[in-house]
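Analysis of the macromolecular model
Residues per chain are reported as follows:
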Amino acid sequence: MRDDLAAMADAAADEKVHAALSQIGTLHDARHVIFDDDTRFMFASVFDGSWDTYIDDFARTVVGARFDKVFSHSEGFPGIKDPGVKDWFLAHQEPAGVFVSAYPDLTVQQIYKDHRVDEAFQEVLDTPEFRAALGNPANAELVATPAFQKLLEEASA
């Protein structure tokens, strides 16, 4: 299992995996942990939406094959495309005692959008045209608004 996890970590840069995760667009993070002298394994992930949809989404992409590879080391794992896989996962899950999120109200799609908007805005900030527009008296009223000032402060932070 350690070898399979290491191979999976090496493949994390795989464009097909990134494309699948972007297409699915709901996974915040995932982790695999082997513990108790290599006798126990934990998989934990944070995702948007329903658990059923999450499993279905992974089963239909290249990520499903990675699930099969890793979970094949677990007793009785039927395979990610098996109709009984959700029952198997449910029978082996444990609820988190405490869960804390730094951004509980943001979905992966919102985070992706925020990143795209930030990149575009940073590109605009670096143009001479933007600097000229800031100094144009015709824009003084807009530039002086608290919202615009806040935007400029956040951009420079």
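Residue indices begin from 1 for each chain and proceed along its sequence in written order. Predicted model: local features are reported for residues with pLDDT of at least 70 only, side-chain atom pairs are reported and counted for 80 or more only, and whole-chain, interface and lining totals are derived from all residues. Side-chain calculation: all heavy atoms of the structure are included, whereas hydrogens and water are not.

1. Some points on the overall build of the protein chain
The test is simple: Each helix is a run of H or I in the DSSP string that is no shorter than four residues. Each strand is a run of E no shorter than two, and both are numbered from the N terminus. Between the two quantities, the radius of gyration covers C-alpha atoms and the globule rule is 2.2 Å times the number of residues to the power 0.38. Buried residues are those whose accessible area, probed at 1.4 Å on protein chains only, stays under 20% of the maximum for their type, while exposed residues exceed 50% and partly exposed ones sit between those limits. Only the protein chains shown count as cover for residues, and all accessible areas are computed by the Shrake-Rupley method using a 1.4 Å probe. Only four residue types enter the charge count, namely Lys and Arg as positive and Asp and Glu as negative; His and the chain termini do not. By convention, the point assigned to a charge is CZ for Arg, NZ for Lys, CD for Glu and CG for Asp.
Along its length, the protein chain carries nine helices and two strands. Overall, the protein chain shows an N-to-C arrangement of helices and strands of α-α-β-β-α-α-α-α-α-α-α. Here the C-alpha radius of gyration of the protein chain, 22 Å, is well above what a compact globule of 157 residues would show, namely 15 Å. Across its three principal axes, the protein chain shows a C-alpha extent of roughly 70 × 35 × 30 Å. In the protein chain, buried positions account for 24% of the 157 residues. Here the protein chain has roughly 11,000 Å² of accessible surface; of this, 55% comes from carbon and sulfur atoms. Taking the 13 positively charged and 28 negatively charged side chains of the protein chain as two groups, their mean positions are separated by 3 Å.

2. Structural notes on the layout of surface pockets
Inclusion rule: A 1.4 Å probe that fits into a set of points on a 1 Å grid over the protein atoms alone but cannot get out defines a cavity; an open set with protein on both sides within 12 Å along at least five of seven lines defines a pocket, and lining residues are those with an atom within 4 Å of a point. Grid points are joined across faces, edges and corners, and a volume is the space filled by probe spheres set on the points. The classification used treats Ala, Val, Leu, Ile, Met, Phe, Trp, Tyr, Cys and Pro as nonpolar, Asp, Glu, Lys and Arg as charged, and all other residues, Gly among them, as polar.
The space that makes up the largest pocket amounts to roughly 1,200 Å³. Together, 31 residues line the largest pocket, and F41, M42, F43, H92 and Q93 are the ones closest to its centre. Breaking the lining of the largest pocket down by element, the ones donating at least two residues are β1 (27–35), β2 (40–47), α3 (51–59), α4 (62–71) and α5 (85–92). Residue contributions to the lining of the largest pocket peak at eight residues, all from β2. In terms of residue class, the lining of the largest pocket is made up of 19 nonpolar, six polar and six charged.

3. Concerning the side chain of S74
Here is the rule: In this analysis, two residues are considered to be in contact whenever any of their non-hydrogen atoms come within 4.5 Å of each other.
Inspection of the secondary structure assignment puts S74 in the loop between α4 and α5. Sequence-distant contacts of S74, defined by excluding residues within four places in its chain, comprise F41 and W88.

4. Here we look at unusual backbone geometry
Backbone geometry places D36, a non-glycine residue, at a positive phi of 50°. In this structure, D36 sits in the loop between β1 and β2. The backbone phi angle of D37 is positive, close to 55°, even though this residue is not glycine. By the secondary structure assignment, D37 is in the loop between β1 and β2.

5. Concerning the packing of α3 against α5
Here is the rule: Only the stretch in contact is used when fitting a helix axis, every axis being a line fitted to C-alpha atoms; angles between N-to-C directions are given from 0 to 180 degrees. Our angle categories are set so that under 35 degrees counts as roughly parallel, over 145 as roughly antiparallel, 65 to 115 as roughly perpendicular, and the remainder as oblique. Crossing handedness follows the turn of the near helix against the far one: under a right angle anticlockwise gives a left-handed crossing, and clockwise gives a right-handed one.
Here α3 crosses α5 at 125°, and the two axes come no closer than 11 Å. When the interaxial angle is binned, α3 and α5 end up oblique. Between α3 and α5 the crossing geometry is right-handed. In this structure, α3 uses W51, D52, I55 and D56 to contact α5, whose residues at the interface are V85, K86, F89 and L90. Here the contact of α3 with α5 is built from residues that sort into five nonpolar, no polar and three charged.

6. Some words on the confidence of the model for the protein chain
To keep it simple, the criterion reads: A residue's pLDDT is the confidence the predictor assigns to it, expressed on a 0 to 100 scale.
Put simply, the protein chain has an average pLDDT of 90, and 98% of its residues get 70 or more. The spread of mean pLDDT over the elements of the protein chain runs between helix α1 (residues 2–10), the lowest at 82, and α5, the highest at 95.

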